[in-house]
Amino acid sequence: MTMPLSIPVQRLAHGEGLPLPAAQTSGSAGMDLVAALPDAEPVTLAPRARAAVPTGLTLAIPEGFEGQVRPRSGLALKHGITVANAPGTIDADYRGEVKVILINLGEEPVTIRRGERIAQLVIAPVTRATLIPADTLDKTSRGSGGFGSTGR
Ligand SMILES: O=c1ccn([C@H]2C[C@H](O)[C@@H](COP(=O)(O)OP(=O)(O)OP(=O)(O)O)O2)c(=O)[nH]1
Ligand SMILES: [Mg+2]
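Quick summary incoming for the structure in this document. (Residues numbered from 1 in each chain as written. Chains lettered and ligands numbered in written order. Predicted model: local features only at pLDDT ≥ 70, side-chain atom pairs only at ≥ 80, totals over all residues. Heavy atoms only, no water.)

## As for the side chain of Glu66
Let me state the cut-off plainly: Strands here are runs of E lasting at least two residues and helices are runs of H or I lasting at least four, both read from the DSSP assignment and numbered beginning at the N terminus. Summary of the burial criterion: residues with accessible area below 20% of their type's maximum are buried, those above 50% are exposed, and those between are partly exposed, where the area comes from a 1.4 Å probe applied to protein chains only. When charges are tallied, Lys and Arg are placed among the positive residues and Asp and Glu among the negative ones, while His and the ends of the chain are skipped. The term salt bridge refers to a pairing of a side-chain nitrogen on Lys or Arg with a carboxyl oxygen on Asp or Glu at a separation within 4 Å. Any two residues having at least one pair of non-hydrogen atoms within 4.5 Å are treated as being in contact.
When you line up the elements, Glu66 lands in strand β6 (residues 65-70). This buried residue, Glu66, is left without a salt bridge; Arg70 holds the nearest opposite charge, at 7.3 Å. Setting aside residues no more than four positions away along its own chain, Glu66 makes contact with Ile61, Thr89, Ile90, Val122, Ile123, Ala124 and Val126.

## A look at the pattern of salt bridges
In the structure shown here, the tally under the stated rule is 2 salt bridges. Taking the shortest distance from any N to any O, the salt bridge between Asp32 and Arg117 comes out at 2.7 Å. A residue pair is termed long-range when its members are at least 10 positions apart, and Asp32 in strand β2 (residues 31-34) and Arg117 in strand β11 (residues 117-125) qualify at 85 residues. When salt bridges that share partners are traced, they join Asp32, Arg72 and Arg117 into one network.

## Observations regarding the site of ligand 1
Formally: For this purpose, a residue is taken to be near a molecule or strand whenever a single non-hydrogen atom of the residue falls within 4 Å of it. Definition of a polar contact: a pair of N or O atoms within 3.5 Å, with one able to donate and the other able to accept a hydrogen when the atoms are protein atoms, and with sequence-neighbouring residues admitted only if both atoms are side-chain atoms. Residue classes follow a fixed rule: Ala, Val, Leu, Ile, Met, Phe, Trp, Tyr, Cys and Pro count as nonpolar, while Asp, Glu, Lys and Arg count as charged, and any other residue, Gly among them, counts as polar.
The immediate surroundings of ligand 1 are formed by Asn85, Gly88, Thr89, Ile90, Asp91, Tyr94, Glu97, Val98 and Lys99. Asn85 has a polar side-chain atom sitting 3.0 Å from an oxygen atom of ligand 1. One nitrogen or oxygen atom from the side chain of Asp91 is found 2.6 Å from an oxygen atom belonging to ligand 1. When residues of the shell around ligand 1 are assigned to their parent elements, the largest contribution, 3 residues, is made by strand β8 (residues 88-90). Looking at the shell around ligand 1 residue by residue, the class counts come to 3 nonpolar, 3 polar and 3 charged.

## Some words on the nonpolar core
Rules: Buried Ala, Val, Leu, Ile, Met, Phe, Trp, Tyr and Cys residues form a nonpolar core when they are joined through side-chain atoms within 4.5 Å.
Of all hydrophobic cores here, the largest spans 23 residues; its most connected members are Leu33, Val69, Val100, Leu102, Ile112, Ile118 and Ala119. Mapped by element, the contributors of at least two residues to this core are β5 (57-59), β6, β7 (81-83), β9 (99-104), β10 (110-112) and β11. Ranked by residues supplied to this core, first place goes to β11 with 3 residues. Apart from the residues within four sequence positions on either side, Ile118 is in contact with Leu33, Val34, Ala35, Val53, Arg72, Leu75, Val100, Leu102 and Ile112.

## So, the side chain of Asn104
Looking at where Asn104 falls in the secondary structure, it is placed in strand β9. Among the polar contacts made by the side chain of Asn104, one reaches the main-chain carbonyl oxygen of Leu45 at a distance of 2.9 Å. Within the structure, the side chain of Asn104 is placed 2.8 Å from the backbone nitrogen of Gly106, a separation counted as a polar contact. If sequence neighbours within four positions are ignored, Asn104 has contacts with Leu45, Ala46, Pro47, Arg48, Ala49, His79, Gly80, Ile81, Pro109 and Val110.

Nothing here speaks to function; it is all geometry.
In structure tokens form, the structure reads like this:
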């Protein structure tokens, strides 16, 4: 069962006419974000280059939730385009424009144009945790093993 959640969204002037993010299928976890670049100013990412691409959107995510900006697998597989800080974190109290930090990990330059679906936004619950200083921690079978301690 999915929990319904309403999120107020504003379209900035440079995003006018672009579709609001929406799930592409009834079971989609993410809502695709589109590039709100000027028509005449596509961004070409050379191999290893990155850019903050505007979405033309501001959000008011309810407290207790966050937005995660995740890559689209098709762009990653076909073109090497991914999200440099994946998953990008959109804080509930952020009211600025959502931007997508794309990086080209492929071998060829890739051009991003207005209206292209560049990433997906997943809304997720956040746990507010408080760290409590402690003299000892409970023992576990893992202990301090990590970083491949269980084998490859
Ligand atoms: O992919 C992203 C990541 C972040 N943000 C915005 C929303 C987020 O709430 C804010 C801060 O993000 P983050 O905490 O990841 O960046 P920071 O470098 O720690 O900046 P700050 O000092 O403002 O927290 O920037 C985006 O628009 N896109
Ligand atoms: Mg921060």
